[in-house]
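Here's the letter readout for the chains.
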Amino acid sequence: MKQKYFDLHLHPLFKNFLSKYDTLVPLPQKKFDDLAQPVRMSNAVTNLLDELFIHILKSQSSVSQCLQGNLHFAVASIVNLEYGFADSRGFFSNILKSKFSNPLDKTFFDKVRSGEISYYRLMLMELNLYKQLRDMPESQVSILSRNVGNKSAPKKLNIILSLEGSHNFSKLMIGNPLKTDFVPDRFIDIQKTLKLSKVADSLWREIITDSSNDSVPDNYSQNPARNFERFYKSLAREKMDLLYLTLTHLTHINEQFLATHAFGMKMLKHPSFYPFGNGITNLGLEVISTCYSMRNHKGEHRPILIDMKHLGLKSRQDYYSYRKTLLEKNPAYEKIPIIASHVGVTGYTYNEWKNALKRDTCTVYNFEGARAVSIEMQRKNCGKWGSFVNNDFSFNAWSINLMDEDITEILNSNGLIGISLDVRILGFQSEFGIQLTSDNEYLSTADFQTHFPQITVKNLPTNNLESMISENESWLIPTKEDRHPLAFCFNIIHIIQVALLRTEIGEPWKHICIGSDFDGLIEPLKVSPQVTSLDELEANLIKWLAVAEEAYVKENGGKCVLSKKSTAELKTIVRGIMFENGRGFIDRWLANFGI
C-alpha cells in the first residue's frame, strides 16, 4: 500500500482558477474534472522552452495529482494575483502574459493591472472553487474545519485552507485606497421577488450591497482586522476554516500595508517587489491580535496561526516581541504555535548574518518611487560531499529564510517548519559553481538602517532599478540531480542542530515537515518535481540525511544523531517528516490546540 503524505503549503486550484475568469456572482457550478485536472501547456514553442521555464507554470499539485500521489493532508493556500505580477516587466513577465502561457486567462492580469477588482473578490472566487469541490457528491476531497459539529471521517484528500498574504481580505479596489469593491444587489427572477443577497451564501453576501441605499454598509469597513473578522465568521457559517495567515506575500500592497515583506522575486521586475517600511505597522499588529482572539459566528474561540514566511526580518522580530505582549495579557495564547510554512534557512544567527554582509556591494536603488538597498551576504557553508569538483554546499542567505533565532522561536512554541521544495530557497547552486547572477537581495532603506546602523545609507552608491530589467535569471541554470536532495537535507540538518544547541527539545525532527509550495512558481527538486513524486523524495531523504549530517558536523561542528540511528529508526524519522508530524499538528489544530 502506498504511503500517505502531508504538505503544509501548496496551491491545488490556483492555476485552474487562473485558467478562466468568470464574471458571475456567485460563480457557476463546475464539474469535478474541470477543477481536478492539471493545467496543460503544450505547443511547438512551449515544448522547446519547457526545460528553461515553462515547466514552472505547469501544474505540480492539481487535485488529481494530489490524489495520485496519495497526499492525505494538504494545506491549500489561497493567494491572489498581485498588482506587481500583473504589471511586471522582464523576460519571464513577457512569457507570463503571452500566448506561450496559455491556458492562463489574461483577463485576470488586465483586471488587476487596471484596478477593476479587489483582492477580496479574487479570494472569494478561488475560495468558492474549494467549496464547490467539497460539496460535489462524487468528490474524494474534504475541507477540514473546526466549525463542523459532527466530524466526518477523513477522505482520500483532506484539504485545510490558509491565506497567503493579508491583501486577500482587502475590499479596496487594487491600487485605489479610496474605492471599495462591491456587487450591487439585484433581482434574479423575472417577477422581481428574489434578490441575489437572498440566495448567495454567507461569503458572497459580504461583498453584496444594496445599491439603493446611499449609506456605507457595515460590511465595508476599511479596517483590515475588522474585515478579516467578518470574513472568518462568514467562513465559519459555511462550515469552513483557516489554519494560518501569511501576513505578507511577495509585493508591497500600498492600499493595505501591514508589514514589510522580505524580498523574494527575481523572475519579475516591478517596484512593488522591493521591500518598503520598517517592520509591522499598527494595522498589522491589530490583525495579529485578531488572529489570536478570533471567534467564529457562535462565539467559539478559533485562533488563526501566523506564518513567518515572507515577513521581512524586522517584521519577524516585531512579531516575536508583540507575541510576548499578547501572552502576558492572556497566558492561554501560549498554546498557539508559530509556523513557517515553506522556508529554507540562512544557516546564520542574526548577528552572524549581519557580520556576513559584503559592505562593498551595498547599493541604493531608486525606481518609480521605490527605494531599496541591495545587499549581498557571504554564504554559510553546509558541508562538502562528492569529488573535488563542485563539492561545496551552502545555504541561501537571503533574509526571507530563517535565522537561528527564528528556528528557536518556532520550535519553542511547539510549532512546525515546512521545508520548501524550491531549490533556490534551499540554497542550491549550479554545477561547477557557475551562477548567472549575484546573490544580492534587497532591504527597505529603513530596515537596512535598523540592521546596519553603522552604515549611512546616504553615503552608499546609487543606481536605477531599471538597470536590472535585462539581468539573466539564476533559475535558468542547469541543475544536477544528486545535489538537489542534499541541499534539502542540509536545511533539515541545520534546524536539528540549532534545536539541539539552543533548545531543550530532544527530537526536533518532529517539528519539521514538507511545505513544498507546489504551483507557486517554484523551481522544484529534480527528484520531486510534482506531488506525485513525494515517494521519491522520501527515498532520497532516507539515503542522504545521515550523509548530510556527517558533512554538516564536519564543517560546522555539532552532534551527529541521525547517523547513529538504525535504518528502521531513520525511516521512522523520515516518515514523520513526510507525514506523521503534519498529521499530528492538524489533529492538534482540530482540537483547537487545547485552548
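Residues numbered from 1 in each chain as written. Predicted model: local features only at pLDDT ≥ 70, side-chain atom pairs only at ≥ 80, totals over all residues. Heavy atoms only, no water.

## Details of the pairing of strand β14 (residues 416-419)
Neither face of β14 is open: one carries Leu 416 and Gly 418, the other Ile 417 and Ile 419, and all of them are buried. Here strand β9 (residues 339-343) pairs with β14 via three bridges, running parallel. By the bridge assignment, Ala 340 is partnered in β14 with Ile 417. Relative to strand β17 (residues 512-514), β14 is paired through three bridges, and the arrangement is parallel. When the bridges of β17 are listed, Gly 418 appears paired with Cys 513. (Buried < 20%, exposed > 50% of the residue type's maximum accessible area, 1.4 Å probe, protein only. Helix = DSSP H or I, 4+ residues; strand = E, 2+ residues; numbered from the N terminus. Pairing = 2+ DSSP bridges.)

## Describing empty space enclosed by the protein
Under the defined criterion, the tally for this structure stands at five cavities of 30 Å³ or more. Size it by volume and the second largest cavity reaches roughly 110 Å³. Residue classes in the lining of the second largest cavity are distributed as five nonpolar, nine polar and one charged. (1 Å grid on protein atoms, 1.4 Å probe; cavity = no way out; pocket = protein on both sides within 12 Å on 5 of 7 lines; lining within 4 Å. Points joined across faces, edges and corners; volume = space filled by probe spheres on them. Nonpolar A, V, L, I, M, F, W, Y, C, P; charged D, E, K, R; others polar.)

## Here we look at unusual backbone geometry
A negative phi holds for most residues other than glycine; trans holds for most peptide bonds. Omega for the peptide link from Val 25 to Pro 26 comes to -10°, which places this bond in the cis form. Counting through the fold element by element, Pro 26 comes out in the loop between α1 (14-17) and α2 (32-36). Backbone geometry places Asn 70, a non-glycine residue, at a positive phi of 60°. Mapped onto the elements, Asn 70 comes out in the loop between α4 (63-68) and β2 (71-78). Classification of Asn 70 as buried rests on a relative accessible area of 12%. With a phi close to 60°, Leu 521 is a non-glycine residue in the positive phi region.

## Overview of the nonpolar core
Counting residues in each nonpolar core, the largest one holds 172 residues, and the members touching the most others are Phe 228, Phe 231, Leu 243, Ile 288, Phe 488 and Leu 541. Here this core gets 11 residues from one element, more than from any other, and that element is helix α18 (residues 483-502). Setting aside chain neighbours within four positions, we find Phe 228 in contact with Leu 163, Phe 169, Leu 242, Leu 245, Val 287, Cys 291, Met 294 and Ile 304. (Core = buried A, V, L, I, M, F, W, Y, C linked by side-chain atoms within 4.5 Å. Contact = heavy atoms within 4.5 Å.)

## Details of the side chain of Thr 532
Structurally, the position occupied by Thr 532 is in the loop between β17 and α19 (534-556). Classification of Thr 532 as buried rests on a relative accessible area of 16%. In terms of polar contacts, Thr 532 uses its side chain to reach the side chain of Gln 530, at 2.8 Å. Setting aside residues up to four positions removed in sequence, Thr 532 forms contacts with Lys 2, Gln 65, Gln 68 and Gly 69. (Polar contact = N/O pair within 3.5 Å; in protein donor to acceptor, adjacent residues only side chain to side chain.)

## Some remarks on the pattern of salt bridges
Scanning all chains against the criterion turns up 23 salt bridges. Glu 405 is the partner of Arg 502 in a salt bridge, and the nearest nitrogen-oxygen pair spans 4.0 Å. Residue Arg 502 is located in helix α18, and its partner Glu 405 is located in helix α15 (residues 404-412); the two are separated by 97 residues in the primary sequence. Owing to a relative accessible area of 29%, Glu 405 belongs among the partly exposed residues under this scheme. Through salt bridges with shared partners, one network takes in Lys 20, Asp 22 and Lys 30. (Salt bridge = Lys/Arg side-chain N within 4 Å of Asp/Glu carboxyl O.)

## Notes on a nonpolar patch on the surface
Judged by side-chain polarity, Ile 188, Leu 194 and Val 199 come together as a nonpolar surface patch covering roughly 220 Å² of accessible area. Assignment of secondary structure puts Ile 188 in the loop between β5 (183-184) and α9 (196-199). Taking relative accessible area as the criterion, Ile 188 reaches 40% and is therefore assigned partly exposed. (Patch = residues over 30% accessible without salt bridge, like charges linked within 9 Å, V, L, I, M, F, W, Y side chains within 5 Å. Areas by Shrake-Rupley, 256 points an atom, 1.4 Å probe, with all protein chains shown as cover.)

## A few points about the confidence of the model for the chain
Confidence in the prediction for the chain averages 88 pLDDT; 87% of positions are at 70 or higher. This stretch, residues 43-52, has a pLDDT under 50; its non-local contacts, to residues over four places away or in other chains, come to 11 contacts. Low confidence marks residues 469-480, where pLDDT is under 50. Its contacts with residues over four positions away, or in another chain, come to 33 contacts. (pLDDT = per-residue confidence, 0-100.)

## Section: the environment of Ser 61
Checked against the element boundaries, Ser 61 lands in the loop between α3 (44-49) and α4. Sequence separation between Ser 61 and Ala 36 is 25 residues, and the spatial gap between their C-alpha atoms is 9.7 Å. Looking at Ser 61, its side chain comes within polar contact range of the side chain of Asp 519, at 2.8 Å.

## As for α15
Looking at α15, one finds that the buried residues are Asp 404, Asp 406, Ile 407, Thr 408, Ile 410 and Leu 411. Among the structural elements, α13 (313-329), β9, β14 and α18 are those in contact with the buried residues of α15. A positive phi of about 65° marks Asn 414, the residue just after α15.

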